[in-house]
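Inside the fold
Read off the chains here:
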Amino acid sequence: MLTPEDLAFDREHLWHPYTSALNPLPSYPVARAAGCELFLQDGRPLIDGMASWWSVIHGYNHPRLNQAVFDQVAQMSHVMFGGITHEPAVRLGQALVRMTPEPLTTVFLADSGSVSVEVALKQALQYWQGRGVKGRYRFAAFRYGYHGDTFGAMSVTDPENGMHGLFAGFLPSNVFLDAPPLGYDMPVELSLITRWREQLAAHRHELAAVIVEPVVQGAGGMRIYNPAYLAHLRSLCDELDLLLIFDEIATGFGRTGRLFAMQHAQVIPDILTVGKALTGGYMTLAATLCTRAVAETVCRSEAGVFMHGPTFMANPLACQVATASLELLSEGRWPEQIQAMEAMMRNLLLPLAEIDSVADTRVLGGIGVVEMRQPMRVAEVQKKLIGRGVWIRPFGKLFYIMPPYVIQPEQLRHLIDSMRAVCTEAAV
Ligand SMILES: *Cc1c(COP(=O)(O)O)cnc(C)c1O
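Reading guide: rules and limits
Residues numbered from 1 in each chain as written. Predicted model: local features only at pLDDT ≥ 70, side-chain atom pairs only at ≥ 80, totals over all residues. Heavy atoms only, no water. Salt bridge = Lys/Arg side-chain N within 4 Å of Asp/Glu carboxyl O. Helix = DSSP H or I, 4+ residues; strand = E, 2+ residues; numbered from the N terminus. Buried < 20%, exposed > 50% of the residue type's maximum accessible area, 1.4 Å probe, protein only. Contact = heavy atoms within 4.5 Å. Near = heavy atom within 4 Å. Polar contact = N/O pair within 3.5 Å; in protein donor to acceptor, adjacent residues only side chain to side chain. Areas by Shrake-Rupley, 256 points an atom, 1.4 Å probe, with all protein chains shown as cover. Nonpolar A, V, L, I, M, F, W, Y, C, P; charged D, E, K, R; others polar. Patch = residues over 30% accessible without salt bridge, like charges linked within 9 Å, V, L, I, M, F, W, Y side chains within 5 Å. Lys, Arg positive; Asp, Glu negative; His and termini not counted.

What to know about the pattern of salt bridges
- Overall, the coordinates contain 17 salt bridges when judged by the stated rule.
- Note that Arg 64 and Glu 331 form a salt bridge whose closest N and O atoms lie 2.7 Å from each other. Placement of Arg 64 in helix α3 (residues 63–75) and of Glu 331 in the loop between α11 (316–330) and α12 (334–348) is noted, with a sequence separation of 267 residues between them.
- Between Glu 380 and Arg 377 there is a salt bridge whose closest N-O contact spans 3.0 Å.
- The exposure class assigned to Glu 380 is partly exposed, which follows from its relative accessible area of 38%.
- Each of the salt bridges in this network shares a partner with another, and the network as a whole consists of Arg 143, Asp 178 and Arg 195.

Next comes the structure, spelled out in structure tokens:
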């Protein structure tokens, strides 16, 4: 139980994500969680609309995921991966190779999404070294993209959202392409493809790869776009001889209604990153997969090896719970669960667009987004939402949900009703 003194300690001594140490936003003490609910330490339940940043897809405190962790703790919680291998890593590698498109066969197990992006960028750089090509040190990325908080990942994140200005002078300078316009069903703008082609062609001799979040740009704007853009991007990369990296850290494992978002367009990248939902939200783990051709070329570089190896690489606990989470997915209830969520959000969340304070609403799979006209006052909105028994954390103008796949219809309805109430109050 956290006392008022403990909470004061938290405010004074612990950083929370993107918060001020001088004037932190309130943090609510959560004591436990189960299914689709978080329980505040005073016992109040909150219906979870966030899946803890996309990750807790099967719900909290899942008996099979718990058991996977218990079983593995009893064997070994960790062992170094240099010179050693173990069943949890091999089983997870097998599952990832099986689930992803066929050419992606080589797996690097990284400790977080951002690190898996660093690994992808590094693989692209070493790939060109392996081909004996000099000067390919930059990346092409998209406005509104988000790829993580480490420096390489930040350098390919939207320059404004990514706050490049704050770190200018240290961040590598990359090439930014205009993002595809909003709308899964919006026809492809060929003039945009032409502009991409011009920009990529102009920089091709210094570019190592293009990196993009397929179909949904997540933290950089919760933007859903026509998957056909990915096919155009693939052919531009083929034509101009550039590697293509898909960051599926947010979109992977069913969230968009396909197992991977790239499957909306049947386009395959040279390098793929996955994370977030990989362990069902139990602990941090991510992976970078690449084709055999990329892996072999990387190893023909001067180094002769791929130059990365974190201390906790392939942590057995994380691998074991990830394998259990992927098994739950392969049992196949997720497509119905996502379809049910999508149908209800189309019926109830899309119409929030009629409220004055709302600029736009959009839904894809298990993602429901309300974009407000004005940035939301997070502390105030959060308090109201907690009063209604729901956990949704807006940022900026974005008021969005991506609940655990196991959410019940009445719970989802309550989340959307609460969003409606907040939007309506914001209008008056
Ligand atoms: C969250 C996210 C990352 C970063 O993952 P972390 O585990 O937070 O480091 C990278 N790319 C995308 C698309 C993400 O959504």
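Structural notes on the environment of Gly 221
- Mapped onto the elements, Gly 221 comes out in the loop between β8 (216–217) and β9 (223–224).
- Look at Gly 221 and you get buried, because its relative accessible area is 10%.
- Excluding residues that lie within four positions of it along the chain, Gly 221 makes contacts with Tyr 144, Arg 362 and Leu 398.

Some details on the site of the ligand
- Taken together, Ser 112, Gly 113, Ser 114, Tyr 146, His 147, Gly 148, Glu 213, Asp 247, Ile 249, Ala 250 and Lys 276 form the complete shell of residues around the ligand.
- Between the ligand and Ser 114 there is a distance of 2.6 Å, counted from an oxygen atom to a side-chain nitrogen or oxygen.
- Here the ligand, which alone exposes 380 Å², has 82% of that area covered by the protein.
- Split into classes, the residues belonging to the shell around the ligand amount to three nonpolar, five polar and three charged.

Describing a nonpolar patch on the surface
- A cluster of nonpolar residues, Tyr 18, Met 163 and Leu 166, forms a patch on the protein surface that exposes about 370 Å² of accessible area.
- One can find Tyr 18 in the loop between α1 (4–13) and β1 (30–34).

Overview of the side chain of Arg 136
- Mapped onto the fold, Arg 136 is located in the loop between α5 (113–130) and β5 (138–142).
- Nearest to the buried, unbridged Arg 136 among oppositely charged side chains is Asp 241, at 4.7 Å.
- Within the local environment of Arg 136, its side chain forms a polar contact with the backbone oxygen of Arg 204, the two atoms lying 2.6 Å apart.
- When near neighbours in sequence (up to four residues on either side) are disregarded, Arg 136 contacts Leu 125, Trp 128, Arg 204, His 205, Glu 206, Leu 207, Ala 208, Asp 241 and Leu 242.

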